[in-house]
Amino acid sequence: MSALEIVPGSSTGKSLATPDNPIYKRRVWVNRFNMLMSLGTMAFGMVFLLWILFTLFSKGLAAFGPALFTQMTPPPGSDGGLANAIFGSLMIVGSAIFIATPIGIMAGIYLAEVGRDNWVAKITRFINDILLSAPSIVIGLFVYTLIVANVKHYSGWAGAVALAIIAVPVVVRTTETMLLLVPNSMREAAVALGAPQWRVVLMVTLKSVQGGVVTGVLLALARISGETAPLLFTSLNNQFWSSDMNAPMANLPVVIFQFAMSPYEEWQRLAWAGALLITLTVLVLNIIARTLFRQKSQ
Amino acid sequence: MARANGSTSKANSFALQDKIFGYSTQFFALLVLVTLVGIIASLFMGSWQTLSETGPKFFVTDTWDPVRKVFGGMAPLWGTIITATIALVIGVPVSFGIAIFLTEMCPPALKRPLGTAVELLAAIPSIIYGMWGLFVFAPLFAETLQPVMINTLGKIPVIGVVFQGTPNGFGVFTAGVILSVMVIPFIASVMRDVFDTTPPILKESAYGLGATTWEVVWNVVLPYTKAGVIGGIMLGLGRALGETMAVTFVIGNAYNISPKLFEPGNSIASSLANEFNEASDPAHLSALITLGLTLFVLSFCVLAASRWMLSTLTKREGKRT
Amino acid sequence: MRFSHKILGLAAAMAVSASASVAFAQTTITGAGATFPFPIYAKWADEYKKATGTAMNYQSIGSGGGIKQIQSKTVDFGATDMPLAAADLAKDGLVQFPAIIGGVVPVTNMDSVKPGEMKLTGPVLADIFLGKIKTWNDKAITDLNPGLKLEGPITVVRRSDGSGTTFVFVDYLSKVSPEWKSKIGVGTAVAWPEGVGGKGNEGVAQYVQRIKGSIGYVEYAYAKKNKLDHIALKNKDGQFVQPEEATFAAASAGADWKGTPGMGVILTDQVGAKSWPMTSASFILMQSKPAKPEASREVLKFFEWALKNGSKSAVELDYVPIPTATVSLIQAEWKKVTDASGKAVF
């Protein structure tokens, strides 16, 4: 099973790769077994993906209909929809992306074009990669102490800030990766034409990877759309339609959480429908982002 | 002469513009650093009460009594580490298998769709895993596999104690299994990516010597990409430590330190999700924020180690080409 | 770039509409706290919105959270199942009144036992939750239930989060079991000696449904909606009673609302032949000198409407409305909410 077994075969100069050689036989069987296991693990992964999707569709489709998008979250015992939660989620996630995109792109430009290998860039890159996987519940705690405890009320903005903190590292990372794909000759050509660096970056390099930057934004969108833990302590929830970002705001993840845990059938149905909606959104965003990314990096 | 002057001033203004541009991008990069410092500072301030009053004893005290205001973080810390360990014990071999499949066995046409499908597992929001775990997986596990495990693995002397208990579907083990499904995509895609960095010439020479696919993977690819593989595992570990919603739904939420994996337990993240909005007593709140700080420092170290391992691989890459 | 423009444009439009909407926002009042009355407050809020146009947004973050949020003035009112003592009310400048009554119910999952068949006493229940009684065929249980086939281990299910439901449950246990009182005590969260912890009433209900031989406690509405097997309990008068609206009402009938400062009556272990021993009122907390008197006026308007018109929905959702005789006491309490000049806001 180790390289040692290969050596005797080649050193004697006589081929041992014959079907009746016991060592060879064992190696072949070990290989077959391990490859079968490898296939098995792939199937294992796929089974879970399909199982979860199947659960979502079988339980979520029941409440899927126009009412889901037009009616408000109902009181217990009546039918309704998730319109206010969907709208609230769009507002919070939209604001978060609006905050995170410029910060992420600028920081990404710094890492790839300006700082490159200086120590600020090195540390930032390192920290950014860690924030990429930082526990989101801790981000929620941070924003609670930073904003909610100071302004003394839960608000859509607090939720948006928490989500933005989660989104920024994704945008930074993708922007940097994309900018590094741009061949240096392109930058050199632009500089030779007498352009200052900022024009080179904005008009040439960034422009040539715009699809990639959009990928980053989409991945960030996908990452934060389903985040629940940080919203529990920040934007809370709202039973009604509200567009006031300064007040507690309805949002899909928290509504799903609350409704899934309730004893009322109508609420549980809506929770599954919401879960299906959010998962589909996230998966579609991911697939679009990946397709764009692939086009760019090829 | 005039022309030369013009171009110098133009060059000067370019230099100034670039300076402004450089500093403004640097400002945003520093924002990222400031965020990190802010998170650590705010958690540190919030946990000051516990840290100054209880000190290091906090981490070896297993009592969590909100009535008497005695708080020790040992149980959630234990649960966090145990669930993450289970996640890795299941997740690493599976991820390894998936990575081998995707790099060595998979027909080229299926490579991309299957690779994307694995990555989509990572995109499913944590709360969905939680609902699925609570309503679908745990009941099924309790009815089918769990009694079998208790009756077979539970009978093994000494280590059998790990698999004893009532088959109710919830507990540390279930949380670990669901976590493993959640970390597989992270570990598997890093492994796949680093396996792909193995120079074809190395693999081809081994194949040329008559090595089987498995032998090539085990004796050539794996040693070559060791650092990256460990980095990927550390990344998965970092994810598993901080996962909240999915764990909260199924772990059973009890402050309990026990080798029995089918018993309810607690993790740091699930304690926070359960109690943070409820805690009104300053000592309770501070103890919870201390847990949050612990979690952050823990995952910071693991993720930093992961980064470091992965960067040594990239560096070698850089030298090679 | 066009695509990214669209995204940015959309986000910009959202931000603009967000800031614009502040100018003509509808009247909205915000409350947060106990999970136990959440369904009925949500139902009332929906009906009230239809009747008056005023939106009352109530979020269930738990009783402890309700107390914390009203103390730090992040909400217009807080809600708690654990009444604050008069001293605490005075210290934080709060006004307290009850808004709804309900019951906490022990539930079991035993194939051989039908709902309401099993009889337990408070001390036996405490011993089960203390982990002293570990099997269903323990003599203490079989003596109370001679006709029932009882066997197997007991799995205790209780809350993992802080909760007013837990407060009602453990308050009762420490009234009937000295050992519980000295070892565990009373609070919205306690150091449980036993069991699996579920998050929220639904978490407990889920666990009880899934685990054979389990016993847990949930609010009545959850027991009823999830068709869990409730048990009969022996009350202070020595009678075995079933949990139902009538026994909850009986427990609240004897309550001394007037003589208890801050109306903070704890309805567990009340006298009366028909009283359910784990009955509880849920309380509203408000600032006595609110920074926004208009918002507090809206809150009081809402509860005046709810006490007058909300009984039907309350019964539908398995709660007990506040007795009519008590309403005038509550209204007197409302006079304590004043604006800066000391004039009652309502």
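All of these numbers come straight from a predicted model, not from anything done at the bench. (Residues numbered from 1 in each chain as written. Chains lettered and ligands numbered in written order. Predicted model: local features only at pLDDT ≥ 70, side-chain atom pairs only at ≥ 80, totals over all residues. Heavy atoms only, no water.)

**Overview of the overall build of chain B**
Moving on, step 1. Secondary structure summary: chain B contains 13 helices and 2 strands in total.
Moving on, step 2. A compact globule built from 321 residues should have a C-alpha radius of gyration of about 20 Å, whereas chain B, at 25 Å, is more than 25% larger.
Moving on, step 3. With respect to the principal axes defined by its C-alpha atoms, chain B has extents near 90 × 65 × 35 Å.
Moving on, step 4. Burial analysis of chain B (321 residues in total) assigns 60% to the buried set.
Moving on, step 5. Across chain B, contacts joining residues at least 24 apart in sequence account for 75% of those joining residues at least 6 apart.
Moving on, step 6. Accessible surface, chain B: about 12,800 Å² in total, of which carbon and sulfur atoms supply 70%.
Moving on, step 7. Taking the 19 positively charged and 17 negatively charged side chains of chain B as two groups, their mean positions are separated by 12 Å. (Helix = DSSP H or I, 4+ residues; strand = E, 2+ residues; numbered from the N terminus. Rg over C-alpha atoms; globule rule 2.2 N^0.38 Å. Buried < 20%, exposed > 50% of the residue type's maximum accessible area, 1.4 Å probe, protein only. Contact = heavy atoms within 4.5 Å. Areas by Shrake-Rupley, 256 points an atom, 1.4 Å probe, with all protein chains shown as cover. Lys, Arg positive; Asp, Glu negative; His and termini not counted. Charge placed at Lys NZ, Arg CZ, Asp CG, Glu CD.)

**Looking at the packing of aromatic side chains**
All names here are of chain B.
Moving on, step 1. Under the counting rule described, the total for this entry stands at 52 aromatic pairs over all chains.
Moving on, step 2. For the pair F296 and F300, a centre-to-centre distance of 6.5 Å together with 40° between the ring planes defines the contact as tilted. In this pair, F296 and F300 both sit in helix α13 (residues 282-320), 4 residues apart, roughly one turn of the helix.
Moving on, step 3. Under the relative-accessibility criterion, F296 is labelled buried at 3%. (Phe/Tyr/Trp six-rings, centres within 6.5 Å; stacked < 30°, edge-to-face > 60°.)

**Details of the interface of chain A and chain B**
Moving on, step 1. Contacts between chain A and chain B engage 85 residues on the former and 78 residues on the latter.
Moving on, step 2. Summing both sides of the interface, chain A and chain B together bury roughly 7,500 Å²; the carbon and sulfur share of this comes to 79%.
Moving on, step 3. Looking at the side of chain A facing chain B, the largest losses of area belong to M42, I52 and L141 of chain A, adding up to 8% of the total buried there.
Moving on, step 4. For D129 of chain A, the salt bridge goes to R307 of chain B, with nearest N and O atoms at 3.3 Å.
Moving on, step 5. In terms of residue count, the dominant contributor to the side of chain A that touches chain B is helix α2 (residues 22-60) of chain A (19 residues). (Buried area = accessible area lost by both parts, 1.4 Å probe. Salt bridge = Lys/Arg side-chain N within 4 Å of Asp/Glu carboxyl O.)

**Side note on the interface of chain C and chain B**
Moving on, step 1. Counting residues at the interface gives 32 residues for chain C and 27 residues for chain B.
Moving on, step 2. Considering only the surface of chain C that becomes buried against chain B, K68, Y207 and R210 of chain C emerge as the three largest contributors, covering 25% of it.
Moving on, step 3. Seen at the junction of chain C and chain B, the total is 0 salt bridges.
Moving on, step 4. Applying the counting criterion to the chain C and chain B interface returns 6 residue pairs in polar contact (both at pLDDT 80 or more).
Moving on, step 5. Elements with a minimum of two residues in the side of chain C that touches chain B: α3 (63-71), β6 (155-159), α8 (178-183), β7 (196-198) and α9 (200-210) of chain C.
Moving on, step 6. If you tally residues by element for the side of chain C that touches chain B, the top one is α3 of chain C, at 4 residues.
Moving on, step 7. Of the residues contributing to the side of chain C that touches chain B, the split by class is 9 nonpolar, 16 polar and 7 charged. (Polar contact = N/O pair within 3.5 Å; in protein donor to acceptor, adjacent residues only side chain to side chain. Nonpolar A, V, L, I, M, F, W, Y, C, P; charged D, E, K, R; others polar.)

**Digging into the pattern of salt bridges**
Moving on, step 1. Counted according to the given criterion, the structure contains 29 salt bridges over all chains.
Moving on, step 2. Between E113 of chain A and R187 of chain A there is a salt bridge; the shortest N-O distance is 2.8 Å. Within this pair, whereas E113 of chain A is found in helix α4 (residues 83-114), its partner R187 of chain A is found in helix α8 (residues 184-192), the two being separated by 74 residues in sequence. Taken individually, E113 of chain A and R187 of chain A each receive the classification buried, so the pair is uniform in this respect.
Moving on, step 3. Salt bridges sharing partners connect three or more residues here, namely R290 of chain A together with E119, R192 and D193 of chain B.

**What about the nonpolar core?**
Moving on, step 1. Ranked by size, the top nonpolar core spans 315 residues in total, and within it Y41, L120, L125, I128, F129 and F303 of chain C carry the most contacts.
Moving on, step 2. Here this core takes 17 residues from helix α7 (residues 172-195) of chain B, the largest share from any one element.
Moving on, step 3. Discounting residues that sit within four places of it in the chain, L120 of chain C has contacts with L125, I128, I141, L144, I215, I231, A232, L233, K234 and F240 of chain C. (Core = buried A, V, L, I, M, F, W, Y, C linked by side-chain atoms within 4.5 Å.)

**Concerning a nonpolar patch on the surface**
Moving on, step 1. Together, V60, M74, W78 and I257 of chain B give the surface a local cluster of nonpolar side chains, amounting to about 330 Å² of exposed area.
Moving on, step 2. Relative to the assigned elements, M74 of chain B resides in helix α3 (residues 74-105). (Patch = residues over 30% accessible without salt bridge, like charges linked within 9 Å, V, L, I, M, F, W, Y side chains within 5 Å.)

**A look at the pairing of strand β2 (residues 55-60) of chain C**
All names here are of chain C.
Moving on, step 1. For β2, a buried count of 6 out of 6 residues is recorded, marking the element as mostly surrounded by other parts of the structure.
Moving on, step 2. Of the two faces of β2, the one holding A55, N57 and Q59 and the one holding M56, Y58 and S60 are both buried throughout.
Moving on, step 3. Sheet analysis places strand β1 (residues 28-33) next to β2, joined by 6 bridges and oriented parallel. Residue pairing for β2: T30 is matched across the bridge by N57.
Moving on, step 4. On the question of chirality, the crossover connecting β1 to the parallel β2 by way of helix α2 (residues 38-52) is right-handed. (Pairing = 2+ DSSP bridges. Right-handed = clockwise from strand over helix to strand, strands pointing away.)

**Side note on the sheet that holds strand β11 (residues 240-241) of chain C**
Remark on secondary structure: sheet strands pair via backbone hydrogen bonds, oriented parallel or antiparallel.
Residues and elements named next belong to chain C.
Moving on, step 1. Read from one edge to the other, the open sheet built from 3 strands follows the order β5-β10-β11, with strand pairing classed as mixed. Since the sheet does not close on itself, it has two edges, and those belong to β5 (119-120) and β11, each with one partner.
Moving on, step 2. Examined bridge by bridge, β5 and strand β10 (residues 232-234) share 2 bridges and lie parallel to one another. Considered in β10, the bridge of L120 is made with L233.

**Examining helix α12 (residues 268-275) of chain B**
Moving on, step 1. Most of α12 of chain B is tucked away: 8 of the 8 residues are buried.
Moving on, step 2. Regarding α12 of chain B, the residues found buried are I268, A269, S270, S271, L272, A273, N274 and E275 of chain B.

**Remarks on empty space enclosed by the protein**
Moving on, step 1. Summed over all chains, the structure comprises 8 cavities of 30 Å³ or more.
Moving on, step 2. Its boundaries defined by the atoms lining it, the largest cavity holds a volume of some 540 Å³.
Moving on, step 3. Every residue lining the largest cavity is counted, 32 residues in all, and those nearest its centre are F257 and Q258 of chain A together with T35, S60 and K199 of chain C.
Moving on, step 4. Those elements that provide at least two residues to the lining of the largest cavity are α12 (252-260) of chain A, α12 of chain B together with α2, β2 and α9 of chain C.
Moving on, step 5. The residue makeup of the lining of the largest cavity, split by class, is 13 nonpolar, 13 polar and 6 charged.
Moving on, step 6. Here the second largest cavity defines a volume of roughly 90 Å³. (1 Å grid on protein atoms, 1.4 Å probe; cavity = no way out; pocket = protein on both sides within 12 Å on 5 of 7 lines; lining within 4 Å. Points joined across faces, edges and corners; volume = space filled by probe spheres on them.)

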